[in-house]
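# Summary of structural features
Each chain, written out:
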Amino acid sequence: MSLTFAPATLADLDAIADNEARSYHPDEAASRNQMENRIKYASECDPNLFLVAWQGTTLAGFVCTTLSTAPLITDESMKTHEPNGKTVCLHSVCTNPDVRRQRVATRLMTHWIQLLRDSKKYDRIALISRSSLIGLYESVGFKYIGKSDVVHGPDPWYDCVIDF
C-alpha cells in the first residue's frame, strides 16, 4: 500500500471527524470542533503537529496533537494548546477502519516521529495508551512509563514517551 503524508487542512476535516468517530468510544472521541481547533493550532505552530496519511484519495490515518509545558499528558493538556510547549501531546493515532492491519499506524508514526525529531523544536512526545496498544507504541520507539493519572472514558490509560 502506497501512502502519502501531508499536514492536515480544514479541507480534510470531514474525513478526519468521520474516522475519529468510527474509531473511538463516544466518551473518548474528539469532537469535530476539537479536531478543527487542532488543525488550526498545527497550521499556526507547526503543520507537522497534525499529519494525515492518504492512500490515493482515501484518508488512511492521522496523528493529531497539541503542545504542553507539562512533561506528560494531563487532563488540562487534553483540552488546551500551549504554543510555547516543548512536549508534543499525541491525542490520536487514528487508522481508517477500512485499512487496518496494513501497518498504516506504524508507517505514519515512524514518518511523523522522524519529522519532529529532525525539527529539533521539541523535548519529547507524550501519549496515553490503552494497555493493548503499548506494544505498538514501543515498536516505534516510545518508552512505557506507567499508569496515567488521566481519566478519559471508562478504562485506565498508560503513559508512554519518546525523549529527543
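Residues numbered from 1 in each chain as written. Predicted model: local features only at pLDDT ≥ 70, side-chain atom pairs only at ≥ 80, totals over all residues. Heavy atoms only, no water.

### A short note on the pattern of salt bridges
Going by this rule: Should a side-chain nitrogen of Lys or Arg be within 4 Å of a carboxyl oxygen of Asp or Glu, the pair is scored as a salt bridge. Helix and strand definitions follow DSSP, with helices as H or I runs of at least four residues and strands as E runs of at least two, each counted in order from the N terminus.
With the rule as written, the count across this model stands at six salt bridges. The residue K121 makes a salt bridge to D46 at a minimum N-O spacing of 3.6 Å. Pair noted here: K121 is in the loop between α3 (104–119) and β5 (124–129) and D46 is in the loop between α2 (32–45) and β2 (50–55), with a separation of 75 residues, a long-range link. Several salt bridges share partner residues, and in doing so they unite D18, R22 and D98 into one network.

### Some thoughts on the state of the cysteines
Let me state the cut-off plainly: In this description, the term disulfide denotes a pair of cysteine sulfurs within 2.5 Å.
In total, this model carries zero disulfides according to the counting rule given. Here C94 is not cross-linked by a disulfide; its sulfur's nearest cysteine counterpart is in C64, at 8.5 Å. Here C160 is not disulfide-linked; the sulfur of C89 is the nearest cysteine sulfur, at 13 Å.

### Observations concerning the packing of aromatic side chains
Inclusion rule: In this analysis, rings of Phe, Tyr and Trp, with Trp reduced to its six-membered ring, are considered paired at centre separations within 6.5 Å, and the interplanar angle assigns stacked below 30 degrees, edge-to-face beyond 60, and tilted for intermediate values. Remark: exposure states derive from per-residue accessible area (1.4 Å probe, protein chains only) relative to the maximum for the residue type, with buried under 20%, exposed over 50%, and partly exposed in between.
In the structure shown here, the tally under the stated rule is three aromatic pairs. For the pair Y137 and F142, a centre-to-centre distance of 5.8 Å together with 80° between the ring planes defines the contact as edge-to-face. Residue F142 is classed as buried on the basis of its relative accessible area, which comes to 4%.

### Examining the sheet that holds strand β3 (residues 58–68)
Two strands in a sheet stick together by hydrogen bonds in their backbones, pointing the same way (parallel) or opposite ways (antiparallel). Rule in force here: Only when DSSP finds a minimum of two bridges between them are two strands counted as paired. Axes, fitted as lines to C-alpha atoms, cover a helix only where it is in contact. Angles between the N-to-C directions of the axes lie from 0 to 180 degrees.
With respect to topology, seven strands assemble into an open sheet ordered β1-β2-β3-β4-β5-β7-β6, the strand pairing being mixed. Each edge of the open sheet is held by one strand with a lone partner, namely β1 (4–7) and β6 (143–147). For this sheet, the mean inter-axis angle between neighbouring strands, taken without regard to orientation, is 25°. Where β3 meets strand β4 (residues 87–95), eight bridges bridge the pair, whose relative direction is antiparallel.

### Let's talk about the packing of helix α1 (residues 13–23) against α2
The cut-off we apply is this: Note on terminology: angles under 35 degrees are roughly parallel, angles over 145 are roughly antiparallel, angles of 65 to 115 are roughly perpendicular, and the others are oblique. Here is the rule for handedness: rotate from the far helix to the near one, and if that takes an anticlockwise turn smaller than a right angle the crossing is left-handed, while a clockwise turn gives right-handed. In this description, contact between two residues means that some pair of their heavy atoms is separated by no more than 4.5 Å. Side-chain classes follow a simple rule in which Ala, Val, Leu, Ile, Met, Phe, Trp, Tyr, Cys and Pro form the nonpolar group, Asp, Glu, Lys and Arg form the charged group, and the remainder, Gly included, forms the polar group.
At their nearest, the axes of α1 and α2 sit 10 Å apart, and the two run at 130° to each other. Judged by the angle between their axes, α1 and α2 are oblique. Relative to α2, α1 is oriented so that their crossing is right-handed. Counting all contacts with α1, which are made through L13, D14, I16, A17 and E20, the residues of α2 involved are R32, M35, E36 and I39. Of the residues assigned to the contact of α1 with α2, the class counts are five nonpolar, no polar and four charged.

### Re the side chain of R124
Note the cut-off: Two N or O atoms form a polar contact when they lie within 3.5 Å of each other; inside protein one atom must be a possible hydrogen donor and the other a possible acceptor, and for residues adjacent in sequence the pair counts only when both atoms belong to side chains.
Structurally, R124 can be placed in strand β5. At a separation of 2.9 Å, a polar atom in the side chain of R124 contacts the main-chain carbonyl oxygen of P71. Side chain to side chain, R124 and D163 meet in a polar contact 2.8 Å long. Here R124 is in contact with P71, L72, K86, T87, V88, V161, I162, D163 and F164, once residues within four sequence places are set aside.

### Focus on α1
Because an α-helix packs 3.6 residues into every turn, residues spaced three or four apart end up facing the same way. Going by this rule: Our arc is simply the arc of the directions from the helix axis toward the C-beta atoms.
Those residues of α1 that fall on the buried side of the exposure criterion are L13, I16, A17, N19 and E20. Angularly, the buried residues of α1 cover 165° about the axis, an arc narrow enough to put them on a single face. Seen from the buried face of α1, the exposed residues on the opposite side, beyond 90 degrees, are D14 and A21.

### A closer look at the pairing of β5
Rule in force here: Note on handedness: a clockwise path from strand one over the helix to strand two, with the strands aimed away from the viewer, defines a right-handed crossover.
Of all the six residues making up β5, six are buried; the element is thus mostly covered by neighbouring parts of the structure. Where β4 meets β5, four bridges bridge the pair, whose relative direction is parallel. If you follow V88 over to β5, its bridge partner there is I125. Each parallel crossover has a hand, and the one from β4 via α3 to β5 is right-handed.

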